There are 2 protein chains.
Amino acid sequence: MSSTPIPQESSIAATLRDDILRGQYRCGERLPSERDLAQRFGVHRSTVREAFKRLEQLGVATIQRGGARVAPLEEASLDVLGHLLALDDAPDPEIVDQALEALSGFRAMAARLATERASEAQRARMVAILEAMMAPDLDARDRFELVTELGECFVAASDNIVLRLIARGLPARAPDTHRAGRFLADTPRREAVDTQLRRLRTAIQQADGAIAAEAVYRLSGIVRQQLREEARS
Amino acid sequence: MSSTPIPQESSIAATLRDDILRGQYRCGERLPSERDLAQRFGVHRSTVREAFKRLEQLGVATIQRGGARVAPLEEASLDVLGHLLALDDAPDPEIVDQALEALSGFRAMAARLATERASEAQRARMVAILEAMMAPDLDARDRFELVTELGECFVAASDNIVLRLIARGLPARAPDTHRAGRFLADTPRREAVDTQLRRLRTAIQQADGAIAAEAVYRLSGIVRQQLREEARS
DNA sequence: GCGGGAGATCTGGTCGGACCAATATGGCCC
DNA sequence: GGGCCATATTGGTCCGACCAGATCTCCCGC
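In this text the structure is predicted, and so the values were computed from the model without any measurement.

A look at the overall build of chain A
Stage number 1. Along chain A, the regular secondary structure elements total 11 helices and 2 strands.
Stage number 2. In chain A, the succession of helices and strands from N to C terminus is α-α-α-β-β-α-α-α-α-α-α-α-α.
Stage number 3. Taken over the C-alpha atoms alone, chain A extends approximately 60 × 40 × 35 Å along its principal axes.
Stage number 4. In chain A, buried positions account for 53% of the 233 residues.

Written out as structure tokens, the structure reads:
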């Protein structure tokens, strides 16, 4: 069971990555030299170098003779998103909102494909999840679990490897687990939610991808809007 | 002007990556040891190590004491997609199709957001591109350029960093440039294409995201279907 | 024949130090 | 101030070495 101990190189890379994502170094700014960091972390330079290669592959830094520099966020890999949202300090609410927005569209896409080509078993499972979600007396956390599970169902049934790759990067398990669940449960918008849930159920049963996509998009939109309003207050 | 020469470590990483993506090593199989590869490439082991760190960050391999192993494709980073499609040998047509499918949905998502929040200037530019695309006597390559440009417009106007990150990984510039352009140009489906183009133009002008998304999705779907049929023959 | 265990072997993780070439830096001269 | 050159700095690569965990091998007892 004992998993391989985490190499120093990995944790150094993680530390530097988080420092960069936290904005500790401005974009384009030079990172400390490999020799400096080696001394600072108390490791050999080659260890720092390996960490640097990771950072470059992640797209958060570019390495050149003369010095490594911080790369602009938009040139990074999608993989940074998860780390960005996982930072202990409250991440930029703007990023969180944009991630949720992208997640909405992404789930809509997956829902469309899933709806069009799901097997009978998958379809039944999706409908079952939906009906469970419509139960009025549902714990907030359970509700969120269901949403997550449904999303995974969509991606699986979409049978598209590219979607699966993207899904790995998107924060399917957002930091706001309970909050999102609560919003789906007992907001004044409960009725709108149920409307879309019913619409989605019908779409799935009738294999109507376009409607399923639209329903999922609106569903996600409701949650996002709610989270946004609360964040603003 | 002379850009920094490509480090050996980078090209070794690229070689190994392509070997893996080409299926030269089966999933789960052990990669040659660092020492072996160092000798094979005629470099020092530490150079191979740096390449390995890249591969691990890319998600195509996992490194453990005892040996590095090839990771399943679905655990890789979205970044591999571009490399996968760029392989000189004809990439798996199934993957190509799935990528186009994902691209369809992705562009639809971007179109929706762009339509809803584009500035007047951006909106005008999108409409201009659309009208250029409707010209009957358009070179296939130009047509494809327009499609690509429109896609970039959508992502830019969507003003969503996450979408931008995903866009970097998707093959916006697919290998089938001219083919795709040709299909948009002179297929019997030309009429269907024009219908969707007009629909999209109207949607953009009226800021109707849902319709824009649907139009873009169908537009991409037409091309994809066509490419698929040709591939099958 | 076969499962199991002990030891040899292999593998990655890290270290120390070294040289080269490209880059950055600072001071000098015009 | 602007251009220029010597120099310190930085990444790229190499050599060789040791450790600890993983893997393999082979022999033993059942």
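Having seen the structure, we can now continue with the description.
Here we look at the protein's contact with DNA strand D
Stage number 1. Close contacts around DNA strand D come from 28 residues, with A:R45, A:R49, B:Q8, B:H44 and B:T47 the closest.
Stage number 2. Here a phosphate oxygen of DNA strand D and a backbone polar atom of A:E34 are 2.9 Å apart.
Stage number 3. Measuring from a base nitrogen of DNA strand D, one finds a side-chain N or O atom of A:R45 at 2.8 Å.
Stage number 4. The set of elements that each furnish at least two residues to the surface near DNA strand D consists of α2 (34-41), α3 (45-58), β1 (61-64) and β2 (67-70) of chain A together with α1 (8-21) and α3 (45-58) of chain B.
Stage number 5. Top contributing element to the surface near DNA strand D by residue count: α3(B), with 4 residues.
Stage number 6. A per-class count over the surface near DNA strand D returns 4 nonpolar, 11 polar and 13 charged.

Details of the relation of the copies chain B and chain A
Stage number 1. Least-squares fitting of chain B to chain A yields an RMSD of 0.1 Å, with the superposition described by an axial translation of 0.0 Å and a rotation of 180°. Expressed as an axis order, the relation between the two copies is that of a two-fold axis.
Stage number 2. Of all interface residues in chain B, 100% are interface residues in chain A too; the two copies therefore contact each other through one and the same surface.

Structural notes on the packing of helix α8 (residues 161-169) of chain A against helix α5 (residues 93-117) of chain B
Stage number 1. α5(B) packs onto α8(A) with a crossing angle of 60° between their chain directions and a minimal axis gap of 7 Å. On the basis of their axis angle, the class for α8(A) and α5(B) is oblique. Facing α8(A), whose interface residues are A:I161, A:V162 and A:L163, α5(B) presents B:I95, B:Q98, B:A99 and B:A102.
Stage number 2. Its residues assigned to classes, the contact of α8(A) with α5(B) shows 6 nonpolar, 1 polar and no charged.

Quick notes on the packing of aromatic side chains
Stage number 1. Taken as a whole, this structure holds 0 aromatic pairs over all chains when the rule is applied.
Stage number 2. Stacked on the ring of B:Y217, the Lys or Arg A:R112 has its end atom at 3.7 Å from the ring centre.

Notes on the side chain of A:S77
Stage number 1. On the secondary structure map, A:S77 appears in the loop between β2 and α4 (80-86).
Stage number 2. A relative accessible area of 1% places A:S77 in the buried class.
Stage number 3. The contact partners of A:S77, leaving out residues within four places of it in the chain, are A:L58, A:G59, B:S77, B:D79, B:L165 and B:R168.

Brief notes about the interface of chain B and chain A
Stage number 1. Counting residues at the interface gives 46 residues for chain B, matched by 46 residues for chain A.
Stage number 2. Across the interface of chain B and chain A, roughly 4100 Å² is buried in total on both sides, 56% from carbon and sulfur atoms.
Stage number 3. The largest per-residue losses of area from chain B upon contact with chain A belong to B:R54, B:Q57 and B:L165, which jointly make up 15% of the total buried on that side.
Stage number 4. Salt-bridge contacts for A:E9 lead to B:K53; the nearest nitrogen and oxygen are separated by 3.0 Å.
Stage number 5. Across the contact surface, chain B and chain A share 26 residue pairs in polar contact (both at pLDDT 80 or more).
Stage number 6. Going through the elements one at a time, α3, α4 (80-86), α5, α8 (161-169) and α11 (209-232) of chain B are the ones with two or more residues in the side of chain B that touches chain A.
Stage number 7. When residues in the side of chain B that touches chain A are grouped by element, the largest group, 12 residues, is from α5(B).

A word on the protein's contact with DNA strand C
Stage number 1. For DNA strand C, the set of nearby residues contains 27 residues, the closest of which are A:Q8, A:H44, A:T47, B:R45 and B:R49.
Stage number 2. Taking the atoms of DNA strand C that fall within 4 Å of the protein, sugar and phosphate contribute 66% of them.
Stage number 3. Within the side chain of B:R35, one N or O atom sits 3.0 Å away from a base nitrogen of DNA strand C.
Stage number 4. Residue B:R45 places a side-chain N or O atom 2.7 Å away from a base nitrogen belonging to DNA strand C.
Stage number 5. Of all the secondary-structure elements, those providing two or more residues to the surface near DNA strand C are α1 (8-21) and α3 of chain A together with α2 (34-41), α3, β1 (61-64) and β2 (67-70) of chain B.

Reading the values: the criteria
Residues numbered from 1 in each chain as written. Chains lettered and ligands numbered in written order. Predicted model: local features only at pLDDT ≥ 70, side-chain atom pairs only at ≥ 80, totals over all residues. Heavy atoms only, no water. Helix = DSSP H or I, 4+ residues; strand = E, 2+ residues; numbered from the N terminus. Buried < 20%, exposed > 50% of the residue type's maximum accessible area, 1.4 Å probe, protein only. Near = heavy atom within 4 Å. Polar contact = N/O pair within 3.5 Å; in protein donor to acceptor, adjacent residues only side chain to side chain. Nonpolar A, V, L, I, M, F, W, Y, C, P; charged D, E, K, R; others polar. Least-squares fit on C-alpha atoms with pLDDT ≥ 70 in both. Contact = heavy atoms within 4.5 Å. Axes fitted to C-alpha atoms, helices over the stretch in contact; angles between N-to-C directions. Parallel < 35°, antiparallel > 145°, perpendicular 65-115°, else oblique. Phe/Tyr/Trp six-rings, centres within 6.5 Å; stacked < 30°, edge-to-face > 60°. Lys NZ or Arg CZ within 6 Å of the ring centre and 35° of its normal. Buried area = accessible area lost by both parts, 1.4 Å probe. Salt bridge = Lys/Arg side-chain N within 4 Å of Asp/Glu carboxyl O.

None of the figures reported here should be taken as evidence of function without further support.
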